Amino acid sequence: MKFHLLTIFPDFFEGPFRQGVVARAAQFGALEINIHDLRAWTHDLHRTVDDRPFGGGEGMLLKPEPIFEAVESIWPVRTPNRKVILMSPQGRTFTQRIARELLEHDELLLICGRYEGADERVAEHLADEELSIGDYVLSGGELAAAVVIDAVARLLPGVVGNRDSTVNESFEEGTLDCPQWTRPAEFRGWKVPEVLLGGNHAGIRAWRKQAALEKTRRLRPDLLKNLSDFA
Ligand code: ADE
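Each residue is numbered by its place in its chain's sequence as written, counting from 1. With the structure being a predicted model, the display of local features is reserved for residues of pLDDT at least 70 and the display and counting of side-chain atom pairs for 80 or more, all residues being used for whole-chain, interface and lining totals. Based on all heavy atoms of the structure, the side-chain values leave hydrogens and waters out of the count.

1. Here's the deal with the pattern of salt bridges
Here is step 1 of the chain: A carboxyl oxygen of Asp or Glu within 4 Å of a side-chain nitrogen of Lys or Arg is what we treat as a salt bridge. Applying the stated criterion to the full structure yields eleven salt bridges.
Here is step 2 of the chain: Residues Glu129 and Lys83 are paired through a salt bridge, measuring 3.3 Å at the closest nitrogen-oxygen approach. Highlighted residues: Glu129 in strand 7 (residues 129–132) and Lys83 in strand 5 (residues 82–93), separated in sequence by 46 residues.
Here is step 3 of the chain: Judged by relative accessible area, Glu129 falls into the buried class, the value being 14%.
Here is step 4 of the chain: Two residues, Arg154 and Glu169, come together in a salt bridge whose shortest N-O distance is 2.9 Å. Taken together, the residues Arg154 in the loop between helix 6 (141–153) and helix 7 (164–167) and Glu169 in the loop between helix 7 and strand 8 (186–187) connect sequence positions 15 residues apart. Secondary structure elements follow DSSP: runs of H or I no shorter than four residues count as helices, runs of E no shorter than two count as strands, and numbering proceeds from the N terminus. Three labels apply to residues, based on accessible area from a 1.4 Å probe with only protein chains included: buried if under 20% of the type maximum, exposed if over 50%, partly exposed otherwise in between.

Shown next, in the form of structure tokens:
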């Protein structure tokens, strides 16, 4: 899968993508990440990417021209397997389900907003959709784009060692993941549930399902309202 990032801070991604799962996946060819500096599509001496909002107000907006030019030169042809996403707090809230949806595309181009956002014509006439990673405002879309790429990349075949580890985890069944323990079986007097210490696999499966439900009810009761979608 191919990812493109359009940003005014190309160095930002040195951190998140230089190590860990995404870096390893890029090394063995499961994915490719192309980082594009938005300023490459400016034509003035100061390489201007922003301007004041019409009607007044705080802050600056990303101008439409460099963003349109960038996307149109990265992808002269738009096809259904290519999706342009504008990272913005106004977007649809990113979830595990959307991560799986995005996996269906061959290429994604994520536009990282800065300042107070981007000229609305980017959302209306260039991006296929706006995505938010949560109801809070970041200083830019870079962190949000890194979150989306990480969540999608680890679902690609072969990226996370064992396929089961991305299937049996939080949100995949509409609940949180079940609680888990490792050695020692007793630590400071706190014991690991007895059922997990034996070899009754059916019993362990049933126990985990129940424990996941209980934990979800306690910490994220909102998730249980949608549980029937996963039946
Ligand atoms: N840019 C600023 N805040 C954001 C958010 N919550 N999600 C995505 N992009 C953003």
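The structure having been displayed, the exposition proceeds.
2. What about the site of the ligand?
Here is step 1 of the chain: Within the structure, the ligand sits among Met87, Ser88, Pro89, Leu131, Ser132, Ile133, Gly134, Tyr136, Val137, Leu138, Gly140 and Ala144.
Here is step 2 of the chain: Contact distances for the ligand include 3.2 Å between a nitrogen atom and a backbone N or O atom of Ser88.
Here is step 3 of the chain: Accessibility throughout is a Shrake-Rupley quantity obtained with a 1.4 Å probe, and a residue counts as covered only by protein chains that appear here. In isolation the ligand offers 260 Å² of accessible surface; the protein chains occlude 96% of this area.
Here is step 4 of the chain: Of all the elements in the fold, those that place two or more residues in the shell around the ligand are strand 5 and strand 7.
Here is step 5 of the chain: Of the residues forming the shell around the ligand, the biggest block, three residues, is contributed by strand 5.
Here is step 6 of the chain: Note on residue classes: Ala, Val, Leu, Ile, Met, Phe, Trp, Tyr, Cys and Pro are nonpolar, Asp, Glu, Lys and Arg are charged, and everything else, Gly too, is polar. In terms of residue class, the shell around the ligand is built from eight nonpolar, four polar and no charged. Here a residue counts as near a molecule or strand whenever at least one of its heavy atoms sits within 4 Å of it. For the purposes of these results, a polar contact is taken to be a pair of N or O atoms within 3.5 Å, where, inside protein, one atom must be able to donate a hydrogen and its partner to accept one; residues adjacent in sequence count only when each atom of the pair is a side-chain atom.

3. Topic: helix 2 (residues 20–27)
Here is step 1 of the chain: Of all the positions in helix 2, only Val22, Ala23 and Ala25 are classed as buried. When helix 2 is viewed along its axis, its buried side chains cluster within an angular range of 160° and face the same direction.
Here is step 2 of the chain: Two residues form a contact once any of their heavy atoms are found within 4.5 Å. For helix 2, the secondary structure elements touched by its buried residues are helix 1 (14–18), strand 2 (32–37) and helix 6. In this description, one arc is meant: the one made by directions from the helix axis to the C-beta atoms.

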